[in-house]
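If you want the building blocks of each chain, they are given just below.
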Amino acid sequence: MIALSENEKDYSDYLQVVSNTLNILVLLSGFTFTGITILLSLFPVLDSLTVQFILFFLSSLFFLFMFLLTWLNAMLMRLCRNRPSVTREVAGFNRLTLLGYVLLQLAVVLMFLIWSLVYLSLASGVVLVLFVIAQIRGVKRMGRLRSNEGEDKK
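Residues numbered from 1 in each chain as written. Predicted model: local features only at pLDDT ≥ 70, side-chain atom pairs only at ≥ 80, totals over all residues. Heavy atoms only, no water.

Asker: An account of the packing of aromatic side chains is requested, with residue identities and associated values reported.
Answerer: Scanning all chains against the criterion turns up 3 aromatic pairs. Centroid distance Phe62 to Phe63: 6.3 Å. Interplanar angle 55°. Geometry classified as tilted. Each member of the pair, Phe62 as well as Phe63, carries the same accessibility label: buried. Judged by centre distance (6.0 Å) and plane angle (50°), the rings of Phe67 and Phe131 are tilted. Of the two residues, Phe67 is situated in helix 2 (residues 49-79) and Phe131 in helix 4 (residues 118-153); the sequence distance between them amounts to 64 residues. Phe131 matches Phe67 in its accessibility class, with the two residues each being buried. Grouping aromatic residues by their ring pairs yields a cluster made of Phe33, Phe62 and Phe63. (Phe/Tyr/Trp six-rings, centres within 6.5 Å; stacked < 30°, edge-to-face > 60°. Buried < 20%, exposed > 50% of the residue type's maximum accessible area, 1.4 Å probe, protein only. Helix = DSSP H or I, 4+ residues; strand = E, 2+ residues; numbered from the N terminus.)

Below, the structure is given as structure tokens:
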């Protein structure tokens with residue numbers, strides 16, 4: 001058990017709830033990605049507008065889950081009391097993690113291209129770009145808030 005002074009806030013209960021939410025988002029992202037893959041590989045006619053709408057919906061849902069994962073990770077780092085200083089290694093790891101998230105999302109768009117679903121790929125690509133911009137802005141904003149908190153404590 002960690003003893004906290006009265007000046008410090010205890011976020012341990014909140015961190016447990018958010019950790020559970022993070023696990024749920026990971027699970028939902030995996031199921032959504034798998035659902036897209038199964039639909040692409042097993043559905044006989046992909047030219048149908050209904051099928052493409054469902055694939056677009058699932059890909060947008062996947063992008064949303066990945067955005068929430070990124071945002072939640074950045075938010076959790078703000079709540080940690082004992083954080084390492086941001087070295088080149090830590091910053092590099094954070095950038096590579098974000099890049100991994102973005103490339104996983106890009107894989108969905110590329111899968112649509114493999115099955116010659118060009119318009120679906122373009123529409124999903126536009127949605128992906130919007131989510132990636134939001135992800136990068138959110139992570140940078142959380143970093144600025146974190147650095148401002150450090151200055152306030154001094």
